[in-house]
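Working through the structure, step by step
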Amino acid sequence: MATTEVRISPEDVKQAASLVKERVSEPTVVVIFGASGDLTKRKLLPALFHLEQAGLLPQQFRIVGVARRKLGNGFAEDMRQGIMEFGGVESGADKLDQFVGKIGYHAMNFDDNDGYAGLKALLEQHDRDFGTGGNRLFYLATAPDYFADIVHRLGAHGMAKPEAGTVRVIIEKPFGHDLESARELNDDVNTVFAENQIFRIDHYLGKETVQNVLVFRFANGIFEPIWNRNFVDHVQITAAENIGIEGRGPFYEKAGALRDVVQNHMMELLSFVTMEPPASFAAEAVRREKVKVWTSIKPLNIFDCVRGQYGPGIVGDQMVRGYREEERVDPDSQTETYAAVRLEIDNWRWAGVPFYLRAGKRLSARVTEVTIQFKQPPMLLFGTHMYGPCSDIEPNILTMRIQPDEGISLRFGAKVPGPQMALCPVVMNFNYAQAFGSSSANGYERLLLDAMLGDATLFAHRDGVEATWALFTPVIEAWAKKYPQTFPNYEAGTWGPECGNELIGRDGYAWYGVQSTAKQ
Ligand code: BG6
């Protein structure tokens, strides 16, 4: 299939960036609870250092890691390693020493009141020594069981609403494990913090390509008029991963694909693809439209939700074990590592358009993308009598490639040169890296800076979290009542179980981009 690239000169990129006002954070102390975990080292510290490199952090900036282990100064050095390894940073990089010098550590148990008193004293000392002005950004990166307790203790020790400065709290996912627990957690957090202090993070919203869905739709005049039931035939969203559970057995056993990825990341993506244009790009306006679209989704039919679990197989050229053989996983585990869902949005824009979502671990490739198939023209002028190299008329397809090959492509039919009216599908392609150059950003940069600036546009509101849990809780409950007898039902390294193909196949479609090698 022929392709065409979009090219943008480096001068254009620079000029576009220079037109946007720089958003530098206020003086702040970022306090990371659960700082000895992977997230801090792999994502948060590299992202904060990227902000420092870009000149978006003020001089009066500090980081305090909080965890149970007594790490002392070793913590800052460990973070230096993380910044280099996961942030694409060279060892002698400009500003690195200075940045590492701003990293401190406070060892405490999350249920130890003395520990909170010590933390408070440390933060006040930072205000005096480093001019951080009483501004705090608490980041809860612990296991979810601790969230409510930490929040209550921060409140009890007067750290949620201090006299000077601004206090905000970022809460990692998973935010609850069903509707009831999400409501409880919201109630807990809301008794201590006001809603405008709370930032429920979903790192998918930090991805450039996810934010670009809104730009694509609402900054261009030509797509929105056809972005509806009159022109769209169906939509597919895939979040496939070739990795397994990466040593997170106990977490994943309780989560499963539906809770881990579909209820949050995929729903966020779906909302950007389907929401109405907001009245402005302000937090309230954007979040209101997302909630509207989630609450317009028809209750899920249990027959439209299927699950799978990987067995051993070959990923790339490596033999990998099955889910039940992973460390700290029940050998009879019924947890799903693959989920696919068919849903419909019951509103004026989307009524009757099916949406197919699938997510899974140990699939054939890592790829997240949204594919929109448009309806065929009302009359096929170039019919079957037009023979040529590709005589089939294929529908137009718009693919938004979220990762890893970030970009957007549009497939359309073109005439093959020659004396006959032969048609062939061709692709017009926009590739992020080619157009703008590649970047080592991991998505947390934007979200951390937004939180420091108090901009909640790319964070979840309590109503939104509850709306998505309301949708999936009945499925989770039904699945818990009746375990499938067929697990494991797909081989690692394939495109998932046959039930995933049947789900979309029932409507006469197939997943795009799938070379199915699934086990029957
Ligand atoms: C996390 C999930 O939220 O998202 C992981 O807990 C998953 O299981 C990850 O691997 C996927 O994120 P990304 O950015 O790698 O697509």
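Rules used throughout
Here, residues in each chain are numbered from 1, in the same order as that chain's written sequence. For this predicted model, a pLDDT threshold of at least 70 governs which residues receive local features, and a threshold of 80 or more governs which side-chain atom pairs are given and counted, while totals over whole chains, interfaces and linings are taken from all residues. Side-chain measures were taken over the full set of non-hydrogen atoms in the model, leaving aside hydrogen atoms and water. It suffices for a single heavy atom of a residue to lie within 4 Å of a molecule or strand for the residue to be listed as near it. We define a polar contact as two N or O atoms separated by no more than 3.5 Å, with the added condition that, inside protein, one atom must be a possible hydrogen donor and the other a possible acceptor, whereas residues neighbouring each other in sequence contribute only through side-chain atom pairs. Each accessible area is a Shrake-Rupley result for a 1.4 Å probe, and residues are judged covered by the shown protein chains and nothing else. Residues are grouped as follows: nonpolar covers Ala, Val, Leu, Ile, Met, Phe, Trp, Tyr, Cys and Pro; charged covers Asp, Glu, Lys and Arg; every other residue, Gly included, is treated as polar. Whenever a carboxyl oxygen of Asp or Glu lies within 4 Å of a side-chain nitrogen of Lys or Arg, that contact is scored as a salt bridge. Secondary structure counts use DSSP, requiring at least four H or I residues in a row for a helix and at least two E residues in a row for a strand, with both numbered from the N terminus. With a 1.4 Å probe rolled over the protein chains alone, any residue whose accessible area is under 20% of its type maximum counts as buried; one over 50% counts as exposed, and the rest are partly exposed. What is meant by a nonpolar core is a set of buried Ala, Val, Leu, Ile, Met, Phe, Trp, Tyr and Cys residues, joined one to another through side-chain atoms within 4.5 Å. The split of the chain into domains comes from an automatic or database domain assignment. The contact criterion used throughout is that any non-hydrogen atoms of two residues lie within 4.5 Å. Two parts lose some accessible area (1.4 Å probe) when they are put together, and adding that loss for both gives the buried area. Criterion used throughout: strands pair if DSSP finds at least two bridges between them. Lines are fitted to the C-alpha atoms to define the axes, a helix being fitted only along its stretch in contact, and any angle between axes, read from their N-to-C directions, falls within 0 to 180 degrees. Two rings from Phe, Tyr or Trp (for Trp, the six-membered ring) form a pair when their centres sit within 6.5 Å of each other. Planes less than 30 degrees apart are called stacked, planes more than 60 degrees apart edge-to-face, and all others tilted. Take the residue count of a helix, subtract one, and multiply by 1.5 Å to get its expected span. Regarding the arc, it is the one traced by the directions from the helix axis to the C-beta atoms.

This paragraph deals with the site of the ligand. If you check the shell around the ligand, you find Lys173, His203, Tyr204, Lys207, Glu241, Arg248, Asp260, His265, Lys361, Arg366 and Gln403 and nothing else. Side-chain polar atom of Lys207 to an oxygen atom of the ligand: 2.6 Å apart, as the coordinates give it. A distance of 2.6 Å separates an oxygen atom of the ligand from a polar side-chain atom of Gln403. Here the ligand has 400 Å² of accessible area as a free molecule, and 82% of this is covered by the chains. Taken together, the residues of the shell around the ligand sort by class into one nonpolar, three polar and seven charged.

With that settled, consider the pattern of salt bridges. This structure, assessed with the given rule, holds 30 salt bridges. In this structure, the salt-bridge partner of Asp78 is Lys41, at a minimum N-O distance of 3.1 Å. Residue Asp78 is located in helix H3 (residues 74-87), and its partner Lys41 is located in helix H2 (residues 38-53); the two are separated by 37 residues in the primary sequence. A residue is classified by how much of its surface remains accessible, and Lys41, at 22% relative accessible area, is partly exposed. Ionic contacts of the salt-bridge type, sharing partners, join the residues Arg183, Asp187, Arg462 and Glu466 into one network.

This part is about the nonpolar core. Formed by 148 residues in total, the largest nonpolar core has its most connected members in Phe33, Phe99, Phe193, Leu343 and Leu448. For this core, the leading source of residues is helix H9 (residues 249-274), giving 11 residues. There are two domains that each give this core at least three residues, and those are domain 1 (21-201) and domain 2 (205-372 + 460-505). What Leu448 contacts, discounting residues up to four positions off in sequence, is Leu44, Ala47, Leu48, Leu51, Leu137, Tyr139 and Ile170.

Turning our attention to the domain arrangement of the chain. Along its sequence, the chain is carved into domain 1 (21-201) and domain 2 (205-372 + 460-505). Placing the centre of domain 1 and that of domain 2 at their C-alpha centroids yields a distance of 29 Å. Between domain 1 and domain 2, the contact holds 15 residues from the first and 15 residues from the second. Taken together, the two surfaces of domain 1 and domain 2 that pack against each other cover about 1,300 Å², and 52% of this comes from carbon and sulfur.

Our next topic: the sheet that holds strand E3 (residues 61-67). Here we have six strands laid out as an open sheet, ordered E4-E3-E2-E5-E6-E7, and parallel in their pairing. Looking along the sheet, the strands with just one partner apiece sit at the ends: strand E4 (103-107) and strand E7 (198-200). Adjacent strand axes in the sheet meet at a mean angle of 20° when their direction is disregarded. As paired elements, strand E2 (residues 28-33) and strand E5 (residues 136-140) share five bridges and run parallel to each other. By the bridge assignment for E5, Val29 is matched with Arg136. Along the sheet face, helix H5 (residues 113-130) touches E2, E3, E4 and E5 and points at about 165° away from the line of E3.

On inspection of all chains with the given rule, the structure shows 19 aromatic pairs. Judged by centre distance (5.4 Å) and plane angle (80°), the ring pair of Trp350 and Phe355 falls under edge-to-face. In terms of burial, Trp350 and Phe355 fall into one category: buried. A network of ring pairs unites the aromatic residues Phe33, Phe110, Tyr116, Phe138 and Tyr146 as a single cluster.

Let us look at the environment of Leu56. Within the secondary structure, Leu56 is located in the loop between H2 and E3. Expressed as a C-alpha distance, the spacing of Leu56 and Leu449, which sit 393 residues apart in the sequence, is 8.0 Å.

Moving on, we get to the pairing of strand E9 (residues 305-308). The two faces of E9 match: Cys305 and Arg307 on one face and Val306 and Gly308 on the other face are all buried. Inspection of the sheet shows E9 paired to strand E13 (residues 338-344) by four bridges, in the antiparallel sense. For Gly308, the partnering residue across the bridge sits in E13 and is Tyr338.

Moving on, we come to H5. With 18 residues, H5 ought to run about 26 Å at 1.5 Å a step, and its terminal C-alpha atoms sit 25 Å apart, in line with that. Every buried residue of H5 is listed here: Gly115, Tyr116, Leu119, Leu123, His126 and Asp127. One side of H5 carries all its buried residues, which in axial view fall inside an arc of 125°. In this structure, H5 carries Asp114 and Arg128 as exposed residues pointing more than 90 degrees from its buried face.

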